[in-house]
Amino acid sequence: MATVPVVDRPPAPVAEAPVVHPKKGILSHWRLYAAISPFYLLFLAFGLVPVGFSLFLSFHRWDGLGSMEWAGLSQYKYLLADADFWSSIGNTLIIWALATFPMIFLAMVTAVMLNSAVRFKNVYRFAYFLPNVTSIVAVAIIFGSVFSTNFGLMNALLQAVGLDQVAWLNTPWGIKVAVATLMTWQWTGYNAIIFLAGLQTVPGELYEAARMDGAGPVQTFFRITLPLMRPVLLFVLVVSTITGLQSFAEPQVLLQTNTNESAFAGGPDHAGRTMVLYFFQQTFDNNDFGYGAAVAWGIFLVVVLFSIINWRLVQRRGEE
Amino acid sequence: MLLSRRGLLRAGLAGSAAMALGGLTSGCAVPTGSTGRNMVLWYWSGGLSDTVVEKAKARYDDTVTLEAQQIGGYYRSKLITTLAGRAHIPDIAGLKGEDMASYLPNADQFVDLRTLGADRLKSRYLDWKWQQAVAPDGSLIGLPIDVGPVVHYYQSAVFEKAGLPSEPDDVSAELGTWESFFAAGEQLKKRIPGTFILTDVGSVFEMSIGQGTDRFVDEDRNFIGDQEHVRACWDRAVEAKRRGIVSDIVTGTPDSIAATVKGRLPSQLNASWAAGDLKLQFPKTEGRWRVANCPGGPSNVGGSFLAITKACREPERAFEIITWMLSPENQAHGFVEAGLFPSTPASYAMSKLREPDPFFGDQITMDVYGPAAEQIPVAHNSPYDIALGQPIRDEIKNVGVLGKDPEKAWRDAMSKCRRIADHLGVNL
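Criteria and thresholds
- Residues numbered from 1 in each chain as written.
- Chains lettered and ligands numbered in written order.
- Predicted model: local features only at pLDDT ≥ 70, side-chain atom pairs only at ≥ 80, totals over all residues.
- Heavy atoms only, no water.
- UniProt positions renumbered as here; feature names shortened; annotations may be inferred.
- Domains from an automatic or database assignment.
- Buried area = accessible area lost by both parts, 1.4 Å probe.
- Salt bridge = Lys/Arg side-chain N within 4 Å of Asp/Glu carboxyl O.
- Nonpolar A, V, L, I, M, F, W, Y, C, P; charged D, E, K, R; others polar.
- 1 Å grid on protein atoms, 1.4 Å probe; cavity = no way out; pocket = protein on both sides within 12 Å on 5 of 7 lines; lining within 4 Å.
- Points joined across faces, edges and corners; volume = space filled by probe spheres on them.
- Helix = DSSP H or I, 4+ residues; strand = E, 2+ residues; numbered from the N terminus.
- Buried < 20%, exposed > 50% of the residue type's maximum accessible area, 1.4 Å probe, protein only.
- Patch = residues over 30% accessible without salt bridge, like charges linked within 9 Å, V, L, I, M, F, W, Y side chains within 5 Å.
- Areas by Shrake-Rupley, 256 points an atom, 1.4 Å probe, with all protein chains shown as cover.
- Lys, Arg positive; Asp, Glu negative; His and termini not counted.
- Charge placed at Lys NZ, Arg CZ, Asp CG, Glu CD.
- Disulfide = S-S within 2.5 Å.
- Contact = heavy atoms within 4.5 Å.
- Polar contact = N/O pair within 3.5 Å; in protein donor to acceptor, adjacent residues only side chain to side chain.

If you check an unreviewed UniProt entry, chain B appears there as Sugar ABC transporter substrate-binding protein from Streptomyces cadmiisoli.

If you check an unreviewed UniProt entry, chain A appears there as Sugar ABC transporter permease from Streptomyces cadmiisoli. Listed in UniProt under the heading Subcellular location (unreviewed entry), the comment for chain A reads: "Cell membrane". Quoted verbatim from the Sequence similarities (unreviewed entry) field of UniProt, the annotation for chain A is "Belongs to the binding-protein-dependent transport system permease family."

Structure below.
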């Protein structure tokens, strides 16, 4: 048995075992933690604490001033069976769909048009972006007169082409269309600018190659532009979902009247009462802060659900 | 100036620490109400006469620095959050009439004005308004600023054209009941097609409820919205719709403004403060309007209070200030300046309130408002009234606007009310 000669190796330089002082490890970086602390402290005070408090609140009855009364799961039980809450989710989704799909279409068309050679490009970009920074209250007042039944612009147009007038703000579907139109108007330009940014990242060679292969403008659009724009499209969809699910001011201002009825009722048959509007009505009109908190968590779950759907869409894109 | 990294760090740290500490201390410290000399008054735009506020500041200047703050936005929620936060609470706070019922269960947040001798001022104010500020435990949490007696505003030329009475006294007398008012609506529609005496059914329901002494929830927390007194108001509103005297225009939209200017909606049942809105919205119609009694008797919409919070360190002084601000003399001024209809009957006879109003064809409108204000019935306002009246109001709107079947609408309203009552702990 051949013995393996013991090679007298110099002892491997044993790395000095680091003295692990986890506490000291964190503490030694205190300057860094301190530097980022303002955000976290502010978030803790104005973000996390209120969120936690609203969860706590949703298990209580509270009129905002008096003593809180433990209510257990009763607020949530009531929420699950609350037809008004479910209809407010329906309203939100319908208005969102009515607003988003025309909006994406119009934004895309606008962006493609802006991307082709036009004069005064910047003027157009500015003009399209303007609705997004206009006060929503002012916009809603203008749209209120546009959609007036007897003296509104919309009905004047309908009558000019020989159609009957529609009581826009008096019928459930009219209300939804009116609110959705307002949102479409407000967001089309914003999204067109984002699409435009996306369009400008598409390499020109691709278009040249397509042209050489004999592709027409329509084919180019559907085979090259659209697939490459998919991430941008998804981004626009995600942003519009977030803003759409939170819609509040648009129906509130458009549908409020100067009578003594609730400003959060959302018009006849509550056709324009979105989720957030319903939350506001329950909390502040009825002084029912416990139930309001439960509604807020219900809205949270709906938003989570939609975030998951969005996430799945993005994931699938990654797998391809 | 160059800011070193360390300096920036220090500033950030100090800032966040101050934030955190500020949040803590203001929560634990003594209520930051008056500190002897400073006294804060919260009200909303148009809630008090600005001149009276200025005069009060000057008048009490040697003892207090009165800081009057106009709070914008959703007033009640701001006041409630501030009270709940126990910091920066105003010493004197305006309480809106429609919110009054929701403050009453928390009367302990306010100074009981009886302890400051309010009882001896009781005769100065309208009794029914005074009662609205009395909490279930008997304490008085506010002094009335104003009231909102409901009247019938109408355009006399349109009424004349339709062959209806057009002088205020005649309209008050001949259109004094709901039945005669509805009949006049039919005549108006027949003589001048496209013209409606009512914009929506909501005003009929609302004013009718206000003419009674019971609303939706009684003093013992029982739901009474399903009883005869509410049903009668409901049926009255439904009848107005059935008789075709209600327009399909939404109140408050540009449509209703255009129709009113054109004389197609020549009549409104609304509170005294709506006179200001009429003047503001329809300046072109000056001189065309008159004021008559509300059909079916006096009703009230709105009208606010001034309260002293528990955070106030000098309640006696604060009470002195609010009783001065709400004296008949100053309330008369509030009416002239801000359209705040006085809660003190003594004001009604004052000469400056009896001046002819050119907007109303030089009518002395006080002759209508005054008696109406004094005859408003005392009704119990429950904190649950808003939540339990809403489904009924919503459904009557559906009947009026969407043409929903009234019987189905009533059943829907009742089933919703029962669910809400059960949830809020109101007895059925």
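Past the structure itself, the notes keep going.
A description of the domain arrangement of chain B should follow, citing residues and the corresponding values.
Residue and element names in this part refer to chain B. Looking at the assigned domains, one finds that chain B contains domain 1 (5–147 + 301–349) and domain 2 (150–300 + 380–424). Relative to domain 2, the C-alpha centre of domain 1 lies at a distance of 33 Å. Buried surface at the junction of domain 1 and domain 2, both sides included, amounts to about 900 Å², of which 56% is carbon and sulfur. Interface area lost by domain 1 to domain 2 is led by Ala-101, Gln-132 and Val-301, which between them contribute 53%. The tally of links between domain 1 and domain 2 comes to 0 salt bridges. In terms of residue class, the side of domain 1 that touches domain 2 is made up of 6 nonpolar, 4 polar and 2 charged.

Hey, could you go over empty space enclosed by the protein for me, with residue numbers and the actual values?
All names here are of chain B. What the rule picks out here adds up to 5 cavities of 30 Å³ or more. The calculated volume of the second largest cavity comes to roughly 90 Å³. What lines the second largest cavity is simply Leu-48, Ser-49, Val-52, Val-53, Ile-145, Met-325, Leu-326, Asn-330, Gln-331, Gly-334 and Leu-340. Counting residues per element, the ones that place at least two in the lining of the second largest cavity are α2 (50–59) and α14 (328–338). With 3 residues, α14 is the largest single contributor of residues to the lining of the second largest cavity.

Before we move on, can you summarise the layout of surface pockets with the specific residues and values?
The calculated volume of the second largest pocket comes to roughly 750 Å³. Lining the second largest pocket are 25 residues, and of these Pro50(A), Ser54(A), Leu57(A), Phe279(A) and Ala296(A) lie nearest its centre. Looking at the lining of the second largest pocket, the elements with two or more residues in it are α2 (30–57), α13 (275–285) and α14 (289–319) of chain A together with α3 (75–85) of chain B. Here the lining of the second largest pocket gets 8 residues from one element, more than from any other, and that element is α14(A). A class-by-class count of the residues in the lining of the second largest pocket yields 17 nonpolar, 8 polar and no charged.

Lay out the pattern of salt bridges with the relevant residues and their values.
Residues and elements named next belong to chain B. Across all of its chains, the model carries 23 salt bridges over all chains by this definition. Across the salt bridge formed by Glu-239 and Arg-243, the nearest N and O atoms sit 2.6 Å from each other. Given a relative accessible area of 24%, Glu-239 falls into the partly exposed group. A residue is classified by how much of its surface remains accessible, and Arg-243, at 15% relative accessible area, is buried. A salt bridge links Asp-412 to Lys-404; the nearest nitrogen and oxygen atoms lie 2.8 Å apart.

Describe in detail the UniProt feature "transmembrane region" (unreviewed entry) in chain A, supporting the description with residues and values.
Under the feature "transmembrane region" (unreviewed entry), the UniProt entry names residues 32–59, 93–114, 126–147, 187–207, 228–249 and 289–311 of chain A. In residues 32–59 of chain A, the share of helix is 93% and the share of strand is 0%. The end C-alpha atoms are 39 Å apart.

So what about a negative patch on the surface? Which residues, and what values?
Residue and element names in this part refer to chain B. Together, Glu-160, Glu-167, Asp-169, Asp-170 and Glu-174 make up a negatively charged patch on the protein surface. Take the negative patch: its biggest share by element is 3 residues, from helix α7 (residues 168–174). The exposure class assigned to Glu-160 is exposed, which follows from its relative accessible area of 56%.

So what's going on with the state of the cysteines? Which residues, and what values?
All names here are of chain B. Throughout the structure, instances matching the rule amount to 0 disulfides over all chains. We note that Cys-233 lacks a disulfide partner, and the nearest cysteine sulfur, in Cys-294, lies 12 Å from it. Among the residues examined, Cys-233 registers a relative accessible area of 6% and is labelled buried. Exposure remark for Cys-294: the relative accessible area of 5% places this residue in the buried category.

Can you lay out the interface of chain B and chain A for me, pointing to particular residues and giving the numbers?
A common way to express how large an interface is: the accessible area buried when the components associate. The interface of chain B with chain A comprises 44 residues on the first partner and 51 residues on the second. Taking both sides of the interface into account, the surface hidden between chain B and chain A amounts to around 3900 Å²; carbon and sulfur atoms contribute 57%. It is Asp255(B), Arg419(B) and His423(B) that lose the most area in chain B upon contact with chain A, and together they represent 17% of the buried surface on that side. At the junction of chain B with chain A, the criterion picks out 2 salt bridges. Among the salt bridges present, the one from Asp84(A) reaches Lys416(B), with a minimum N-O distance of 2.9 Å. Seen at the junction of chain B and chain A, the total is 14 residue pairs in polar contact (both at pLDDT 80 or more). If you list the elements that add at least two residues to the side of chain B that touches chain A, you get α1 (5–28), α3, α11 (254–261), α16 (385–402) and α17 (406–424) of chain B. Per element, the largest residue contribution to the side of chain B that touches chain A is 8 residues, and it comes from α16(B).

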